[in-house]
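Chains, contacts and geometry: an overview
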Amino acid sequence: MRLLAWLMLALCVMAPVAHADDFSIIAAEAAYGDIALQIAGPQADLTQIMRDPNANPHRFIADPALAKQVASADLVIQNGLGYDPWMTTLLAGSGDADRRVITVASLLHRKPGDNPHLWYDPAAVALLAQAIADELKTHDPDDDKALRNRLRLFLASLKPLQAKVSAMRSKWTGTPVAATEPVFGPMADALGLSMHGASFQAAVMAGTPPNAADAATLETELRQHQVRALIYNPQVTDAASQHLLDVARTAGIPVVTVRETRPRGKTYQDWMMGTLSALDHALSSGAS
């Protein structure tokens, strides 16, 4: 009996302990990938798919190599709402009962037709961080203390961003702005901005020509300074949105560049804070 007990103890000691670095995570969007990395730790086995800040994410096409990665992943993070439909296809084609999937749209209880750019929704980030931590804890209970510490630090790092949103909302609620594409919509709502040109933006996102009347209305509003700033997405653009950009510059309307994809070398927090600061400055400079 003593020998058996000793052998069982030895096997427990010698058995490899699972950690985040042997738990493969695939994030469809770079924004979610950065959050996952901050929660899982720098040694995490993480793949970020759409990470080119100059590419149009709405035109992304998955390849066979990606299908193999998804098939072997332990955790997949996707956006949902039709933003990354290729991921839904890959998941359906490689069923794995043990694989976990986090869909950010589900965390926020969003429905088809809602704005899909959820990483610009301040509520999404903390929910995603907690969901990732929950999955990692299930995988590696022995890392619970370190995991809880990383989650605590991450949530604390969001406080300056939350304070910035609150301060800007107090200052700019009801301020009229326009945009060439709806990427910034969730954050604009959080800031209380009055967003103009929703139909124009939706058409640009869908890759269809905007309605001529919608385009003319936005052009008039820019020329007559009826909006305080133009939010421009350089990753998803066409001739109509480029024309609006030219009109805004000619009219002296401040232009704020807002991207869909996290810039290389920046954390999610730095990216969002930089974007908010640029918008705050633009609205201040465009004040009458």
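Our subject is the structure that appears above.
What this report covers is the structure whose coordinates are included nearby.

Basis of the calculations
Residues numbered from 1 in each chain as written. Predicted model: local features only at pLDDT ≥ 70, side-chain atom pairs only at ≥ 80, totals over all residues. Heavy atoms only, no water. Helix = DSSP H or I, 4+ residues; strand = E, 2+ residues; numbered from the N terminus. Buried < 20%, exposed > 50% of the residue type's maximum accessible area, 1.4 Å probe, protein only. Lys, Arg positive; Asp, Glu negative; His and termini not counted. Charge placed at Lys NZ, Arg CZ, Asp CG, Glu CD. Salt bridge = Lys/Arg side-chain N within 4 Å of Asp/Glu carboxyl O. Polar contact = N/O pair within 3.5 Å; in protein donor to acceptor, adjacent residues only side chain to side chain. Pairing = 2+ DSSP bridges. Right-handed = clockwise from strand over helix to strand, strands pointing away. Core = buried A, V, L, I, M, F, W, Y, C linked by side-chain atoms within 4.5 Å. Contact = heavy atoms within 4.5 Å. Axes fitted to C-alpha atoms, helices over the stretch in contact; angles between N-to-C directions. Parallel < 35°, antiparallel > 145°, perpendicular 65-115°, else oblique. Left-handed = near helix turned anticlockwise from the far one by under 90°. Nonpolar A, V, L, I, M, F, W, Y, C, P; charged D, E, K, R; others polar.

1. Brief notes about the overall build of the protein chain
Scanning the protein chain for helices and strands turns up 13 helices and 8 strands. For the C-alpha atoms alone, the extent of the protein chain along its principal axes is close to 90 × 40 × 30 Å. Across the 288 residues that make up the protein chain, the buried fraction comes to 46%. On the protein chain, the mean spot of the 24 positive side-chain charges and the mean spot of the 29 negative ones are 6 Å from each other.

2. A look at the side chain of Asp 84
Tracing the chain through its elements places Asp 84 in the loop between β3 (75–78) and α4 (85–92). One buried charged side chain, Asp 84, makes no salt bridge at all; its nearest oppositely charged neighbour is Arg 99, positioned 13 Å away. Among the polar contacts listed, one links the side chain of Asp 84 to the backbone nitrogen of Asn 79, at a separation of 2.7 Å. Among the polar contacts made by the side chain of Asp 84, one reaches the main-chain amide nitrogen of Gly 80 at a distance of 3.0 Å.

3. Side note on the pairing of strand β1 (residues 24–29)
Judged by how many residues are buried, β1 sits mostly within the fold: 6 of 6 residues are covered. Note: β1 against strand β2 (residues 45–50), 5 bridges, orientation parallel. Across the sheet, residue Ile 25 finds its bridge partner in β2, namely Leu 46. The parallel pair β1 and β2 is bridged by helix α2 (residues 30–40), and the resulting crossover is right-handed. Note that β1 and β3 share 3 bridges and pair parallel. Directly across from Ile 25, in β3, lies its bridge partner Leu 75.

4. What about the nonpolar core?
In a soluble, globular protein the nonpolar side chains are often hidden away together inside. In terms of nonpolar packing, the biggest core is built from 67 residues, with Ile 39, Ile 77 and Phe 184 touching the most fellow members. For this core, the leading source of residues is helix α6 (residues 122–139), giving 8 residues. With residues near it in sequence (within four places) discarded, Ile 39 still touches Ala 129, Ile 132, Ala 133, Leu 136, Leu 147, Arg 150, Leu 151 and Phe 154. One finds Ala 178, Leu 222, Leu 230 and Val 236 within the second-largest nonpolar core, a separate group that totals 13 residues.

5. Re the side chain of Gln 269
Mapped onto the elements of the fold, Gln 269 is located in helix α13 (residues 268–285). Residue classification places Gln 269 among the buried positions, given a relative accessible area of 10%. Excluding its chain neighbours within four sequence positions, the residues that come into contact with Gln 269 are Asp 34, Gln 38, Phe 154, Ser 157 and Leu 158.

6. Notes on the sheet that holds β3
One key point about sheets: their strands pair by backbone hydrogen bonds, in either a parallel or an antiparallel sense. With respect to topology, 4 strands assemble into an open sheet ordered β2-β1-β3-β4, the strand pairing being parallel. Because the sheet does not close on itself, it has two edges, and the strands there are β2 and β4 (100–103). With strand direction ignored, the average angle separating the axes of adjacent strands in the sheet is 15°. This element, α6, spans β1, β3 and β4 of the sheet and lies at about 175° to β4.

7. Considerations on unusual backbone geometry
Phi at Leu 81 is positive, roughly 60°, even though this residue is not glycine. Residue position: Leu 81 is located in the loop between β3 and α4. Residue classification places Leu 81 among the partly exposed positions, given a relative accessible area of 21%. Residues other than glycine seldom take positive phi values, yet His 109 does so here, at roughly 55°. Topologically, His 109 is positioned in the loop between α5 (104–107) and α6. Since its relative accessible area comes to 72%, His 109 is described here as exposed.

8. A few points about the packing of helix α3 (residues 64–72) against α4
Helix-helix packing is characterised by the crossing angle of the two axes and by the distance between the axes. At a minimum axis separation of 9 Å, α3 and α4 run at an interaxial angle of 60°. Put simply, α3 runs oblique to α4. Viewed along their axes, α3 and α4 form a crossing whose handedness is right-handed. Here α3 contributes Leu 66, Ala 67 and Val 70 to the contact with α4, which in turn contributes Trp 86, Met 87, Leu 90 and Leu 91. Among the residues making up the contact of α3 with α4, the classes are represented as 7 nonpolar, no polar and no charged.

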